[in-house]
Structure formats: C-alpha cells, structure tokens
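Below are the chains, spelled out letter by letter.
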Amino acid sequence: MAQVKVLVFDVDDTLYEELTFVKSGFRAVAHFLEEKYVLPSEKVYEQFVAELEKGREKIFDTVLQQYDLNSKGLVRKCLSVYRRHKPEIFLYEDAARFLKKFESFPIYLVTDGNPTVQQNKVDALLFQNRIKKAFLTGRFGVKNAKPSPYCFEKIKLLENVAPEEIVYVGDNPNKDFVGIKPLGFRTVRMLRGQYKDLRLDKEHEAEIEIRNFDELADILQLDFMET
Ligand SMILES: [Mg+2]
C-alpha cells in the first residue's frame, strides 16, 4: 500500500466496540425509567442485556411489558433516550495508538446509521482534532449510504488524490468494500465484531485483512520503506 495518502475509517466495530455503545444506551434508558417510573435501574439494565442476547428486535417492548408499561409512546421515548444519550465509549487501544502514529495523514470517517447517534459516538470518542471530517452517510440520504461510493468520492475531491491513494478500513463485508473496490479505492477488513467470521465472495471482501491496527501500521510502514 505504498502510495496511500489518505486514511478513512468506519466507526462501529472498527475503531471501538459497538456493543459498548449499546450497553451505554441501555444504562441511559434504565436510568430514565428509574427516574420516571421508579423501576429498579440495575435490574432493568440486566433485562435489556438479556434480551439483547436473543436478538436486537423489540428489546424495550419486551422488558417494559414485564412492568405493565408497554406502550408505543413509552417505547418511542426510550428509543429517543437511547439515541440522544452521550455515550461512554472508548477507542480500541490499538486504534488510538494508530491514530497517534499516523496523525500527519488526513483522516476521515465514513459511517452509516442514524446521524444523531453517529455524531454522539464521534463526539464521545474525542476525535475532533484528529480527523478532518466525519461523513455521516445518514445526512446524505439512504441511497448514498454504503455500499454507495458517494462519500468516498467526496473525500477524493477534497484531498485531490486518486482512489488508489485512499484506504478504507471497515469490518462489514456486506457493504464496506463492494461499492468502492471496483473504483480503485484500497480496502482493509478489520476482523472484529459481529461479522468477524462472515465469509463472502471476492467482490465483497477487502484486499487485506487485519486483526488490529498494529498490523495495519506494519503494512503501511513496510511499504513506505520500500519506496
Ligand atoms: Mg462497522
């Protein structure tokens, strides 16, 4: 990856563990329910976590039902508390190390999902001074979310570089690489999170796989020495 000049990262399960965000949100909702309905916050939190293990659907509905509090309005309120809360989340240690080491590079983020939620994550991870811009694809409409190359093309124009000079690091082979690879962008798959063991066809897989950012640092530096 000798000619890489611009580093672009996915956020969830690439730079930090997404599960820690979900749990942080559960805590916020449990505290809200304690204040408003005197529910036992710790127990409610444990119930959310137990439901999560069964799947991500209807978690608030199911737990509220156990307290005879299930209503569309309250579920919506819980979702809103979850989405707006200021999360307690932290960069993976190796990610923080990598960002420090490569701080002279232009660094961008491209992340899908609810833009309010994603902005809260970016703020919580204390990136402000380290990244040039966070592209929250949710702000550009559904059709411009990954796998669309829309935000990546914007980065290319901003930096005035070729796609071959931009590398994207992500963890989800369903959508992180398939749209940008044919255009010449370089791709790196972080083997972390819920997609870690997922194997797809060649079009969906990245050019390189890593298990942590120290490996990426080695790959980038090795190539610099060769040039
Ligand atoms: Mg991700």
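For clarity, every value in this text was computed on a predicted model and none was experimentally measured.

What counts as what
Position numbers for residues count from 1 along each chain, tracking the sequence in the order it is written. Thresholds applied to this predicted model are a pLDDT of at least 70 for local features of residues and 80 or more for the giving and counting of side-chain atom pairs; totals over whole chains, interfaces and linings are not thresholded and use all residues. Computation of side-chain values covers all heavy atoms of the structure but excludes hydrogens and water. Here, any two strands with at least 2 DSSP bridges between them count as paired. Numbering of helices and strands starts at the N terminus; helices are DSSP runs of H or I of at least 4 residues and strands are runs of E of at least 2. Axis definition: a line fitted to C-alpha atoms, limited for helices to the stretch in contact. Angles are taken between N-to-C directions and run from 0 to 180 degrees. With a 1 Å grid spanning the protein atoms alone, the term cavity applies to any set of points in which a 1.4 Å probe fits but cannot get out, the term pocket to an open set with protein on both sides within 12 Å along at least five of seven lines, and the term lining residue to any residue with an atom within 4 Å of a point. Grid points are joined across faces, edges and corners, and a volume is the space filled by probe spheres set on the points. Each domain's limits were defined by an automated method or a database of domain assignments. For classification, angles of less than 35 degrees are called roughly parallel, those exceeding 145 degrees roughly antiparallel, those between 65 and 115 degrees roughly perpendicular, and all remaining angles oblique. Crossing handedness: left-handed means the near helix sits turned counterclockwise from the far one by under a right angle, and right-handed means the same turn made clockwise. Residue contacts are defined here by distance: any two heavy atoms, one from each residue, within 4.5 Å place the two residues in contact. Water is not part of the atom set, so a site may look incomplete; the donors themselves are N, O and S atoms within 2.8 Å of the metal, or 3.2 Å for Na, K and Ca. Burial classes: relative accessible area under 20% of the type maximum marks a residue as buried, over 50% as exposed, and values in between as partly exposed (1.4 Å probe, protein chains only). Salt bridges are identified by distance alone: a Lys or Arg side-chain nitrogen within 4 Å of an Asp or Glu carboxyl oxygen. Accessible area that two parts lose when put together, with a 1.4 Å probe and added across both, is what the buried area reports. Polar contact is the term for a pair of N or O atoms within 3.5 Å; when the atoms are in protein, one must be able to donate a hydrogen and the other to accept it, and sequence-neighboring residues count only if both atoms are side-chain atoms. Only Asp, Glu, Lys and Arg are considered charged in this grouping, and only Ala, Val, Leu, Ile, Met, Phe, Trp, Tyr, Cys and Pro are considered nonpolar; every other residue, Gly among them, is considered polar.

Quick notes on the sheet that holds strand β4 (residues 166-170)
Turning to step 1, where the next piece is worked out: Spatially, β3-β2-β1-β4-β5-β6 is the arrangement adopted by the six strands of the open sheet, whose pairing is parallel. Whereas interior strands pair on both sides, the edge strands pair on one side only; in this sheet they are β3 (133-136) and β6 (208-210). Within the sheet, the average angular offset between the axes of one strand and its neighbour, ignoring direction, is 25°.
Turning to step 2, where the next piece is worked out: Where strand β2 (residues 107-111) and β3 come together, four bridges link them in parallel fashion. Looking at β3, one finds that Leu109 is bridged to Ala134.

Regarding the layout of surface pockets
Turning to step 1, where the next piece is worked out: When its volume is computed, the largest pocket comes out at roughly 860 Å³.
Turning to step 2, where the next piece is worked out: Lining the largest pocket we find 32 residues, and of these Glu18, Val22, Arg56, Tyr82 and Lys121 sit closest to its centre.
Turning to step 3, where the next piece is worked out: Those elements giving two or more residues to the lining of the largest pocket turn out to be α1 (18-37), α3 (59-65), α4 (72-84) and α6 (115-124).
Turning to step 4, where the next piece is worked out: If you count residues domain by domain, the lining of the largest pocket takes at least three from each of domain 1 (6-17 + 89-226) and domain 2 (19-84).

Some points on the packing of α1 against α4
Pairs of packed helices are described in terms of their axes, by the angle between the two and the distance that separates them.
Turning to step 1, where the next piece is worked out: Put simply, α1 and α4 touch, their axes get as near as 8 Å, and they point 130° apart. Viewed along their axes, α1 and α4 adopt a mutual orientation that is oblique. Handedness of the crossing formed by α1 with α4: right-handed. Here α1 contributes Phe21, Val22, Gly25, Phe26, Ala28, Val29, Phe32, Leu33 and Tyr37 to the contact with α4, which in turn contributes Leu74, Lys77, Cys78, Val81 and Tyr82.

Re the coordination of the magnesium ion
Turning to step 1, where the next piece is worked out: Protein-derived coordination of the magnesium ion comes from Asp10 (OD), Asp12 (O) and Asp171 (OD), at a distance range of 2.1 to 2.3 Å.
Turning to step 2, where the next piece is worked out: Spacing between the donor residues of the magnesium ion along the chain follows D-x1-D-x158-D. Here Asp10 is found in the loop between β1 (6-9) and α1, whereas its partner Asp171 is found in the loop between β4 and β5 (186-190), with 161 residues between them in sequence. With respect to class, Asp10 is no different from Asp171; both count as buried.

So, the pattern of salt bridges
Turning to step 1, where the next piece is worked out: Summed over all chains, the structure comprises 18 salt bridges.
Turning to step 2, where the next piece is worked out: Of the charged contacts, one joins Lys54 and Glu51 as a salt bridge, the two residues approaching to 2.9 Å between their closest N and O atoms. Of this pair, Lys54 and Glu51 both sit in helix α2 (residues 41-54), three residues apart, which is roughly one turn of that helix.
Turning to step 3, where the next piece is worked out: Given a relative accessible area of 67%, Lys54 falls into the exposed group.
Turning to step 4, where the next piece is worked out: Taking the shortest distance from any N to any O, the salt bridge between Glu205 and Arg189 comes out at 2.7 Å. Of this pair, Glu205 sits in the loop between β5 and β6 while Arg189 is found in strand β5, placing the two residues 16 residues apart along the sequence. Grouping residues by exposure puts Glu205 and Arg189 together as buried.
Turning to step 5, where the next piece is worked out: Each of Arg189, Arg199, Glu205 and Glu209 takes part in one network of salt bridges that share partners.

A look at the environment of Phe48
Turning to step 1, where the next piece is worked out: Among the secondary structure elements, Phe48 is positioned in helix α2.
Turning to step 2, where the next piece is worked out: For Phe48 and Ile59, which are eleven residues apart along the polypeptide, the C-alpha to C-alpha distance reads 6.3 Å.

Some details on the domain arrangement of the protein chain
Turning to step 1, where the next piece is worked out: One can read the domain layout of the protein chain as domain 1 (6-17 + 89-226) and domain 2 (19-84).
Turning to step 2, where the next piece is worked out: Once you take the C-alpha centre of each, domain 1 and domain 2 turn out to be 31 Å apart.
Turning to step 3, where the next piece is worked out: Contact with domain 1, which involves eight residues of that partner, is made by five residues of domain 2.
Turning to step 4, where the next piece is worked out: When the area that domain 1 buries against domain 2 is broken down by residue, the three leading residues are Glu17, Ile89 and Val117, summing to 55%.
Turning to step 5, where the next piece is worked out: Between domain 1 and domain 2 we count zero salt bridges in total.
Turning to step 6, where the next piece is worked out: On the surface where domain 1 and domain 2 come into contact, there are four residue pairs in polar contact (both at pLDDT 80 or more).
Turning to step 7, where the next piece is worked out: Class assignment for the residues of the side of domain 1 that touches domain 2 results in three nonpolar, three polar and two charged.

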